[in-house]
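Fold and contact review
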Amino acid sequence: MKNPQVASVLHEIADLLELSGENPFRIRAYRRAAMNVEAIPKDVAAMGEEELFSLPGIGKDLAHKIRQFVDTGRIDIHEELQKKIPRGLLEILRVPGIGPKTARLLFDRKNVKSLEELEALVRSGRLAGLPGIQAKTEENIRKGIGQLRKGMERFPLGKALPIARGIVDLLQEAVPRARFALAGSIRRWKDTVRDIDVLAAGKKPEAITNAFVGLPGTREVLERGATKSSILTVDGIQVDLRVVAEDSFGAALQYFTGSKEHNVRLREMASRRGLKINEYGVFREADGRRLGGREEEDVYKALGLPFVPPELREDAGEIEAAIEGKLPGLVSLADIRGDLHVHTKWSDGAHDLDAVVGAARARKYDYVAITDHSKGLGVARGLTEERVRGQIAEIDAANRKAKGFRVLKGIEVDIRGDGTLDLPDALLSELDIVVASVHSGFRQPGEQLTKRLVAAIRNPYVSVIAHPTGRLLGEREAYPVDMEAVIAEAARHGKALEINAYPLRLDLSDAWARAAKRRGIPLAVSTDAHILANLDFMQYGVSIARRGWLEPGDVLNTLPFPKLARRLQAMRGKRA
Ligand code: DGT
Ligand code: CA
Ligand code: ZN
């Protein structure tokens, strides 16, 4: 049992309680517990009831239920609720604009038990007329279904990867001698994935399949076969398992990692050399002799190529680079020396400075930049000039205490609607790093948005533009800013752009990060953490950097502190 599986079931209990019209406090208790289980780095399966009880937001009763779930794969109340409430209502609850009351009403009055039935009802025009459902509501529900259908096509990596890793761990525990790996887009760290692809090989293929179809957190077994099985998790994500022969594991991993476009190119190369590659191995056309396939490297070696990291396998020039021996030496998580965008209690972060410093040090960082919001962001308790001064004093004190670690004085200054900044230059000049970003007026014409970003880049004290396109995966498109122009301006002034590692942002995207690198712009890979656990989002930011072909030298926060400080100083001199 793994934390994502436990969290999913707790979330689902909360949903089911909501559908049964239960007490909101009880519902909130389950939600809070689910979020806490998601956030803690320790395995809940390894905790006793006492230790679970000591976690924030987990009472005696919940500690007992979690323990029960870990031990037996079931929770009584979950089983009872499932008997009472049809599964399809959970899906209906996910339609934007439909709350538990409406879902329940649809069920009670029209016997709607699934998304399909709801769609049919909407199509037939029999939705209006129900109490509380006006023409406007009907229209909203119609739109909501469309949105959900669209969103269901892909999941953010930040949601799918923890679930996928949990699944692989559980399978590995169930069949310790078998070999497991993630494949497909999730192994290539694509920012969104359609499903989770898992590959397995072992002496007892049947045991692998049994473990897979019996995984906790499974809503439905879609397919069960000797070499291919599929399940749907309670989160609505499909997981495909392929079981292959042990000596084909490498070839199958290469094949099922894709991308399809990358593999097509490799097969063309192979065929020109009189070779054939498929999911079973590498073969010589002439006599059918097998040249390898146990390890993934075998495939690339047979073609005379170096190993191509999965993040690059998009047929975006990596094959040409591999042929010429010019693959980039990609940046990795271990190269990251600090986080340059973190919030504290001073604005809308959850923790105080000491806690953030402790968490950054625990991740072996050399520094962290504290970048709380500026005053214009009232909802986030943005800092006035006076409060910035108060924070400066606190950071100075922290730096006097801290040995071998530096706290950078920073701000996430709001770029106002007219392109001016929310705090005066004189104050910004006292800080080590100024991160500037847009938080309002997304609906402005692209031209105005571009002007705002360009103006911010021109301010001598701005160091980094944070989440430059404003996209929120599955929720909001990038705003219509002219990124080419922004990149050109950043290049002109030697300013950095951010790869925001928050899983719903991943902004810049991989493609824009690569475009920025081509112009020699340094990238800051930052988490924008608001709680300590968010510092672990760094892995997603690094994956975008890698998919953007970035090397350590392209990433600002791979620099050791003294070099970083000099670099940030130099940015201020570069006014065109
Ligand atoms: P996704 O699922 O849309 O996020 O992206 P992928 O790349 O994971 O695509 P998926 O799950 O359909 O297939 C996984 C990999 O398996 C894919 O990257 C390449 C390989 N593959 C699957 N079907 C085919 C096929 O029909 N032809 C070839 N050449 N490769 C395939
Ligand atoms: Ca896939
Ligand atoms: Zn932020």
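All residue numbers refer to position in the chain's written sequence, counted from 1. Lettering of chains starts at A and numbering of ligands starts at 1, both following the order in which they are written. Residue-level local features of this predicted model are given only where pLDDT is at least 70; pairs of side-chain atoms are given and counted only at 80 or more, and the full residue set underlies all totals for whole chains, interfaces and linings. Derived side-chain values reflect all non-hydrogen atoms in the structure, with water molecules and hydrogen atoms excluded from consideration.

**Points about the overall build of the chain**
- Each helix corresponds to a stretch of at least 4 residues labelled H or I by DSSP, and each strand to a stretch of at least 2 residues labelled E; elements are numbered beginning at the N terminus. Summing up its helical and strand segments, the chain has 24 helices and 17 strands in all.
- The globule rule used here is 2.2 Å times the number of residues to the 0.38 power, and the radius of gyration it is set against is calculated over C-alpha atoms. Its C-alpha atoms give the chain a radius of gyration of 26 Å, within 12% of the compact-globule value 25 Å for 576 residues.
- Taking the principal axes of its C-alpha atoms as reference, the chain extends roughly 75 × 65 × 55 Å.
- Three exposure classes are used, based on accessible area relative to the maximum for each residue type with a 1.4 Å probe and protein chains only: buried under 20%, partly exposed in between, and exposed over 50%. Buried positions account for 53% of the 576 residues belonging to the chain.
- Note on contacts: a residue pair is in contact if any heavy atoms of the two residues lie within 4.5 Å. Excluding contacts between residues fewer than 6 apart, the proportion of contacts in the chain whose partners are at least 24 apart in sequence is 67%.
- Of note, the chain has its 90 positive side-chain charges centred 1 Å away from the centre of its 80 negative side-chain charges. Counting rule for charge: Lys and Arg are taken as positive, Asp and Glu as negative, and neither His nor the chain ends is counted. Think of each charge as sitting on NZ of Lys, CZ of Arg, CG of Asp or CD of Glu.

**As for helix α20 (residues 446-458)**
- Helix span, expected: 1.5 Å multiplied by one less than the number of residues in the helix. The first and last C-alpha atoms of α20 sit 18 Å apart over 13 residues, in line with the 18 Å expected at 1.5 Å per residue.
- Taken residue by residue, α20 has G446, L449, T450, R452, L453, V454, A456 and I457 as its buried positions.
- Looking at the buried positions of α20, the neighbouring elements they touch are β14 (433-437), β15 (464-465) and α21 (483-493).

**A word on the coordination of the calcium ion (ligand 2)**
- For the calcium ion (ligand 2), the full set of protein donor atoms is D195 (OD) and D197 (OD), and the range of their distances to it is 2.2 Å. D197 shares its class with D195; the two are buried. Water is not part of the atom set, so a site may look incomplete; the donors themselves are N, O and S atoms within 2.8 Å of the metal, or 3.2 Å for Na, K and Ca.

**Some points on helix α18 (residues 385-401)**
- Taking 1.5 Å per residue, 17 residues should reach 24 Å; α18 reaches 25 Å between its end C-alpha atoms and fits that length.
- Structurally, α18 contributes buried residues whose contacts are with α17 (353-362), β12 (367-370), β13 (406-414) and α19 (425-428).

**Some remarks on the nonpolar core**
- In terms of nonpolar packing, the biggest core is built from 93 residues, with I186, I196, V407, I411 and L497 touching the most fellow members.
- Top contributing element to this core by residue count: helix α10 (residues 157-174), with 9 residues.
- Shared between two domains, this core takes at least three residues from each, and those domains are domain 2 (155-244) and domain 4 (333-570).
- Aside from chain neighbours lying at most four places away, what touches L497 is V464, I465, M483, V486, I487, A490, L508, A516, I521, P522, L523 and A524.
- Only buried residues count toward a nonpolar core, which is a set of Ala, Val, Leu, Ile, Met, Phe, Trp, Tyr and Cys residues joined through side-chain atoms within 4.5 Å. Of all hydrophobic cores here, the second largest spans 50 residues; its members include A7, I27, I66 and L130. An automatic or database domain assignment provides the domain bounds reported here.

**Here we look at the coordination of the zinc ion (ligand 3)**
- At the metal site, the zinc ion (ligand 3) is ligated by H341 (NE2), H343 (NE2), E412 (OE) and D528 (OD), and these contacts range over 2.1 Å.
- Geometry at the zinc ion (ligand 3) is irregular, judged from its 4 donor atoms and the angles of 84 to 170° they form at the metal.
- Sequence spacing of the donor residues for the zinc ion (ligand 3), all on one chain, is H-x1-H-x68-E-x115-D.
- Take H341: its relative accessible area is 0%, and that puts it in the buried class.
- Its relative accessible area of 1% is what places H343 among the buried residues. Think of it this way: with four donors and all angles in the 85 to 135 degree range, the site is tetrahedral; with four or six donors, opposite ones beyond 155 degrees and the rest between 65 and 115, it is square planar or octahedral; otherwise it is irregular.

**Examining the site of ligand 1**
- We call a residue near a molecule or strand when any one of its heavy atoms sits within 4 Å of it. Around ligand 1 sit 15 residues in total, of which R154, S185, R188, R194 and R267 are the nearest.
- N or O atoms closer than or at 3.5 Å make up a polar contact, with two conditions inside protein: a donor-capable atom paired with an acceptor-capable one, and, for residues adjacent in sequence, both atoms drawn from side chains. Between ligand 1 and R194 there is a distance of 2.9 Å, counted from an oxygen atom to a side-chain nitrogen or oxygen.
- D195 is positioned such that a nitrogen or oxygen atom in its side chain is 3.1 Å from an oxygen atom of ligand 1.
- Values of accessible area rely on a 1.4 Å probe in the Shrake-Rupley scheme; residue burial ignores everything except the protein chains shown. Relative to its free-state accessible area of 590 Å², ligand 1 is covered by the protein chains to the extent of 73%.
- Elements with a contribution of two residues or more to the shell around ligand 1: α11 (184-187), α13 (249-257) and α14 (260-272).
- The greatest single-element share of the shell around ligand 1, amounting to 3 residues, is contributed by α13.
- Residue composition of the shell around ligand 1, by class: 3 nonpolar, 5 polar and 7 charged.
- The residues that make up the shell around ligand 1 include at least three from each of domain 2 (155-244) and domain 3 (249-323). Each residue is assigned to one of three groups, with Ala, Val, Leu, Ile, Met, Phe, Trp, Tyr, Cys and Pro labelled nonpolar, Asp, Glu, Lys and Arg labelled charged, and all others, Gly among them, labelled polar.

**Regarding the domain arrangement of the chain**
- Partitioning the chain into domains gives domain 1 (3-150), domain 2 (155-244), domain 3 (249-323) and domain 4 (333-570).
- Between the C-alpha centres of domain 1 and domain 3 the distance comes to 44 Å.

**Overview of the sheet that holds strand β10 (residues 290-292)**
- Across the sheet, 3 strands lie side by side as β8-β9-β10; this open sheet has antiparallel pairing. Of all the strands in the sheet, the pair left with one neighbour each is β8 (275-278) and β10. Each strand of the sheet is rotated relative to its neighbour by a mean of 30°, with strand direction disregarded.
- One bridge is not enough; two strands pair if DSSP finds at least two bridges between them. Where strand β9 (residues 281-284) and β10 come together, 2 bridges link them in antiparallel fashion. Paired with F283 across the strands is R290, a residue of β10. Axis lines are fitted through C-alpha atoms, for helices just across the contact stretch, and the angle between N-to-C directions can take any value from 0 to 180 degrees.

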